[in-house]
Structure formats: C-alpha cells, structure tokens
Amino acid sequence: MTDTDTYLHATDVHRTFGDVTALSDVSLDVPAGNVVALIGPNGSGKTTLLRILAGLLAPSDGEVTYDGPDATRPLGYLPQAPTFRPGFSTRETIAFYARLVDDDPDELLDRVGLDRVPDRRVEALSGGMTRLLGIAQALAGDPPVLALDEPASGLDPGMSRLVFDIVEELAADGHSVVVTSHDLPLVERSADRVVVLDRGEVVAADTPEALRERTGGPLHETFTSLVQADDSVAIRTEATQ
Amino acid sequence: MTGPLDAFWAVFAREVRGASRSRTYLLLALALTLVVFGLAQAGNGPSAGYIPTVVDVLLVVEVLVPAVAFAVGYRAIADDAVRGTLDVLATYPLPPWAYVIGVYAGRAVALLTVVLVPLTILGVAVAAMAGPATTVFATHRGVDSPLLFVRFLALTAAFALTALAIAVAISALADSRRRAILLALVGLLVVVVGADVTVFRAMTGGVDVGLDTLLGLSPASAYRGLVFETVLYVAFAGRSGFIAVPVAAAGLVVWAGVSLLVATLAVRMRRA
C-alpha cells in the first residue's frame, strides 16, 4: 500500500556515543500506510535509529519531524524485549496503558489475539504472547506511527508470521510502521520499503523488489552483497528458517 | 482525551494495586510491629502511658522508619527504567511529574500503612493498659494524653514521607537495580546519620547559626526535634527550644519537595 502523506521525516540524523559513531547522516521518510523495515547486521544502528525516530533518543545532529495527524499519542513503541511488571494479569497490564490514552483494553487484547488469556499473569505468558502484549501496548491510543523493535525476534515461525500479519494489517489501516528485523523473508513479504544499514550508514533504501533485482536472488543475497562480509553473520536467512 | 491528572491516577492506582499484592510489605509491617511492641514492653511504656511509650520507641523508629521507606521506594522508578517501561511511557501523554508523583503517592500509601498500623496498634495497647490519667486530652505540661500520641504518629508519617521522597529520587537516578541498592544504602546513611554529622561539623566549623536552626536542616534531627518539641515537652517542665519548629517543619517539606523535583528531572532527562 502506498500513500502520498509522510508521517515521519528524518533528515541528516547523526548520533554518537562518546567516540563511537552509531549513525551517520541518515535520512528517511516514513509514509502513511507503509511498512518501512530497517535491516542490518547487529550493531549497525537499527535500534538507535528506531529510538531516535520514536523520540526516545535525541540525535547528536540532524532532526526528526512528525507530520502525521493530531493524535493523543502520535507514536507507539515496542521495545526489543518488552517486559511487564510481574504480579499483574494481561488485562490489568494493558488496562493501565489503555487508561493513559482512554482506550478500550479488551479491544486491544482482541486485536493481537490475547483476548483468550486476560487473567493470565504476565510472568506466565510465553515469549510470543509477551511480544503480542507489547504490540497491544504499542497500539494503545491508535498512534499514527508505530516503531517496533524486532517484533518477531526469538519467536517460532508461526508466531513470527502472526506478528508480521498484524504489522501488515496496521499498515493497511493507514498506520506508518517502522520495524527493525533480522527476519529477511518476512521483511521481504511485508515491507513496502527496506532501509539497509551498515556501520551506522544507509547503504541502500528501496522496495524489496528493487533490492532483489540488484542480485536477482532473494533479499538476503542482496543484503549479503551490501554489508561488509564480516558483519553479515548474524542475519537470519531463508535457509535458517 | 485524558489529562495529566488522569495519567497521575492511572500510575497511582497501579502502584497501590501492586503494593496491595506484595507480601514483602506485610512482612515489613509484621517486623515493625514486633520491634515496637518488644521495645515498648521492655521499657514498660504501655502501662506507664503514651509519653513513656514514645520515649521507648523513638530512637528505633527514627532509624527503622527511613529504612522501611527506602525498602519501599528504592526500586520504585529503577525497576521501570530497567524493564524499559520508562521508554514506553515516554510515548504516552504522561508528563514526568505526573508519573513521579503517581509513583510516590502510591508507594506512600503502602509505606504509611506499614508504618502507622503497628504504631496505631501500639497506641491502642497503651489506651488499654495505661492508667486513667492518660485518657485526658492534655492542654498543659505534665499531662499525658492520646492527643500527644496522635501528634507522634503525624510527625512519624511526615518523616516517613520525606524519607520516601529521597528514596524515590535515588531510584530515579539509578540506572540498574544493583546501583539502586548501593545508592539506597548511601542515602539511608545520609538520612539517618550523615546529615546530623554535617550539622555538627557546621557548628564546630564556626557557622554563625543557632543549633536549634541547624538541627532543623537534617531530616532525622528535624523529626527528633519536632517530637521533643511537640510531644515530649510535657515531660520537661520549664524546658523547650530543642529545635526551631518552623525550620524543622520546613526542612522536612524542602527535603521532600527537592527530592521529588530531582526525581522528575531525572525521569525527564532519561527521555532524550
């Protein structure tokens, strides 16, 4: 799905941590109704860029601007390893976040398929369910932009597909979704645009089809050709699925 | 559309609900009950009246109350930071002040329950065990009274809330649970003895301020002085001026206010 509106602009974003440059002159747009995937080796700056886009980290230089519609909560965020306060049930946990933005907790649980376990303690949820609860939290208040940090990391293939199905539905509903992932086949299937990061720099940004055409093979082949060889070992390819 | 006040209530309700399910707080209350009753019984205070009972437990309360306050508050914000919840909350219409005050108020409910229930039961025990002279409401020196014990409870609550605010500030500054423990121990030492030592060093260093005023600047000595000045004074005919009451009262308020401000700024700085 494509749309002319762009909800988020990043312009010449630069970020350093002490002497280490995590991001260098990164610019990208996040259009409405699109899934933008940030891929790259571990340590390439994906999470740093996502946190800057989410407004959780200030860039050392450059700027990020939100041009989406007015909203109680312009941007929803799913951390890489969502953790919730123990001792609370699934519904109590999501009810807390929903109350902050006057949303319906039952509807949020229903959207991610957790409506069957509202009374289960969060510490008793599986890794996949915890991730789904994190996504429900990110959806609270219906933010126009969603920043999801490796939403399918560590999940079995079925649960990973479910998570990316939700991502696709969100984009189809008109949300802008920025997602980091190592799961290239799912990225290839779901993303409208793929941004390849390596050592803090954007080495390619295009549609999955256009990136595939560069090598004629699946996305992971293009990815391997783009990033430096010693950086690509952590990437999950089709063969490892 | 929700406002900052609604957000505050959401955080407050979460803290109270979490505290109501914690067995740790129940254990703390039981331990405090055993200690204050043990001390009071050893000193024979309850059968002698409210003032002797306060004298029996004051020293230990002065140490235990901040210890309990730090136990309740030292992970209040650090846990949310370690879990990444602060990052998530930064994307909600929840101002840092509403979050900090919500956490503080929720934990305050737990703390006051843990501290005041044992002391109130002790007061009831005094009412049951002490002689009839203790049932009058004192209006002049030399007369024991339940009103004096209520004042003791109120001052203890104020001291506890001040210590909790300091603990919450320390929790906001910690970036890990281990550091939260370390900072809490340092903070507890500062509250219990460190500030007193600083006051005495200031005195010996030739600071031209009266002792009654200087003592009001330390949370522990401010509390101790206020108890002497407004509760135990009936036992010291003709003597007063242990502490400058306005300075001591303001001292507790300023410690609490500055601590909550520090916590709010720390949470705000984490967001960028």
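Residues numbered from 1 in each chain as written. Chains lettered and ligands numbered in written order. Predicted model: local features only at pLDDT ≥ 70, side-chain atom pairs only at ≥ 80, totals over all residues.

Visitor: Kindly report on the overall build of chain B, identifying the contributing residues and their values.
Guide: On a plain count of helices and strands, chain B comes out with twelve helices and zero strands. In terms of overall size, chain B behaves like a compact globule, its C-alpha atoms giving a radius of gyration of 20 Å where 272 residues would be expected to give roughly 19 Å. Once the C-alpha set of chain B is aligned to its principal axes, its extents read approximately 60 × 50 × 35 Å. Counting only contacts in chain B whose residues sit at least 6 apart along the sequence, the fraction spanning at least 24 positions is 78%. (Helix = DSSP H or I, 4+ residues; strand = E, 2+ residues; numbered from the N terminus. Rg over C-alpha atoms; globule rule 2.2 N^0.38 Å. Contact = placed C-beta atoms within 7 Å.)

Visitor: Just give me the short version of the overall build of chain A, but keep the residues and values in it.
Guide: Helix and strand content of chain A: eight helices and nine strands. Rg of the C-alpha trace for chain A: 17 Å, near the compact-globule value of 18 Å for 241 residues, within the 12% margin. Seen along its three principal axes, the alpha-carbon backbone of chain A occupies a region of about 50 × 40 × 40 Å. Pairs at least 24 apart in sequence give 70% of the contacts found in chain A among residues at least 6 apart.

Visitor: I'd like to hear about the sheet that holds strand E2 (residues 20-31) of chain A, residue by residue, with values.
Guide: Residues and elements named next belong to chain A. Reading across from one edge, E2-E1-E4 is the order of the three strands in this open sheet, with antiparallel pairing throughout. Each having just a single partner strand, E2 and strand E4 (61-66) make up the two edges of the open sheet. If you compare each strand with its neighbour and ignore which way they point, the axes differ by 15° on average. Direction of pairing for strand E1 (residues 6-17) relative to E2: antiparallel, over a ladder of eight bridges. Residue pairing across strands places Phe-17 opposite Val-20, the latter belonging to E2. Packing of helix H1 (residues 46-53) onto the sheet brings it into contact with E1, E2 and E4, and relative to E1 it is tilted by some 125°. (Pairing = 2+ DSSP bridges. Axes fitted to C-alpha atoms, helices over the stretch in contact; angles between N-to-C directions.)

Visitor: An account of the interface of chain B and chain A is needed here, citing residue identities and associated values.
Guide: At the junction of the two partners, chain B supplies 18 residues and chain A supplies 19 residues. Among the elements that make up the side of chain B that touches chain A, the one with the highest residue count is helix H1 (residues 4-20) of chain B (four residues). A breakdown of the residues in the side of chain B that touches chain A according to their chemical character gives nine nonpolar, four polar and five charged. (Nonpolar A, V, L, I, M, F, W, Y, C, P; charged D, E, K, R; others polar.)

Visitor: So what's going on with helix H11 (residues 219-230) of chain B? Which residues, and what values?
Guide: All names here are of chain B. Here H11 is twelve residues long and its end C-alpha atoms lie 16 Å apart, about the 16 Å a rise of 1.5 Å per residue gives. In terms of residue burial, H11 counts as a mostly covered element, since ten of its twelve residues are buried. When H11 is considered as a whole, its buried residues turn out to be Pro-219, Ala-220, Ser-221, Ala-222, Tyr-223, Arg-224, Gly-225, Leu-226, Val-227 and Thr-230. Packed against the buried residues of H11 are helix H4 (50-73), helix H8 (146-173), helix H9 (177-204) and helix H12 (245-270). (Expected span 1.5 Å × (residues − 1). Buried ≥ 20, exposed ≤ 12 C-beta atoms within 10 Å, placed from the backbone.)

Visitor: Go over H1(A) with me, naming the residues and quoting the values.
Guide: All names here are of chain A. Across the eight residues that make up H1, a large majority, six, are buried. Lys-46, Thr-48, Leu-49, Leu-50, Ile-52 and Leu-53 are the residues of H1 that are buried. Taken from the residues just after H1, Gly-55 is the one with a positive phi, measuring 80°.

Visitor: Break down the packing of H4(B) against helix H7 (residues 96-129) of chain B for me, citing the residues and quoting the values.
Guide: All names here are of chain B. At a closest axis distance of 11 Å, the pairing of H4 and H7 adopts a crossing angle of 165°. It follows that H4 is roughly antiparallel to H7 by the angle criterion. Taken as a pair, H4 and H7 cross one another with a handedness that is right-handed. Of H7, the residues touching H4 (which contributes Tyr-50, Thr-53, Val-65, Val-68, Ala-69, Val-72 and Gly-73) are Arg-107, Ala-110, Leu-111, Val-114, Val-115, Leu-122 and Val-126. Residues of the contact of H4 with H7, tallied by class, amount to eleven nonpolar, two polar and one charged. (Parallel < 35°, antiparallel > 145°, perpendicular 65-115°, else oblique. Left-handed = near helix turned anticlockwise from the far one by under 90°.)

Visitor: Provide a residue-level description of the packing of H4(B) against H11(B), including the pertinent values.
Guide: All names here are of chain B. Packing of H4 against H11 leaves a shortest axis separation of 11 Å and a crossing angle of 170°. Between H4 and H11, the interaxial angle falls into the category roughly antiparallel. Contacts between H4 and H11 involve Val-54, Leu-58 and Glu-62 from the former and Ala-220, Tyr-223, Arg-224 and Val-227 from the latter.

Visitor: Help me get a handle on the environment of Ala167(B), residues and values and all.
Guide: Residue and element names in this part refer to chain B. Among the structural elements, Ala-167 can be located in helix H8. Its 32 C-beta neighbours within 10 Å are what place Ala-167 among the buried residues. Sequence separation between Ala-167 and Leu-59 is 108 residues, and the spatial gap between their C-alpha atoms is 21 Å. Every residue in contact with Ala-167, bar those within four places of it in the chain, is listed here: Ala-69, Phe-70, Gly-73, Tyr-74, Ala-184 and Gly-187.

Visitor: Go over the pairing of strand E7 (residues 176-180) of chain A with me, naming the residues and quoting the values.
Guide: Residue and element names in this part refer to chain A. Counting buried positions along E7 gives five out of five residues, so the element sits mostly inside the fold. Neither face of E7 is left uncovered, since the one carrying Ser-176, Val-178 and Thr-180 and the one carrying Val-177 and Val-179 both have all their residues buried. Bridge count between strand E6 (residues 145-149) and E7: five bridges; the pairing is parallel. What sits directly across from Val-145, in E7, is Ser-176. Once you follow E6 into helix H5 (residues 157-172) and on to E7, the crossover reads as right-handed. (Right-handed = clockwise from strand over helix to strand, strands pointing away.)

Visitor: Account for the sheet that holds strand E5 (residues 75-78) of chain A, naming residues and giving values.
Guide: The pairing of strands in a sheet happens through backbone hydrogen bonds and is either parallel or antiparallel. Residues and elements named next belong to chain A. Taken in spatial order, the six strands of this open sheet run E5-E6-E7-E3-E8-E9, and their pairing is mixed. Of all the strands in the sheet, just E5 and strand E9 (201-206) have a single pairing partner and so form its edges. Pairwise comparison of adjacent strand axes, ignoring direction, gives a mean angle of 15° for this sheet. Relative to E7, strand E3 (residues 35-39) runs parallel, the two sharing four bridges. Paired with Val-36 across the strands is Val-178, a residue of E7. Sheet strands in contact with H5 are E3, E6 and E7, and its direction is about 155° off that of E7.

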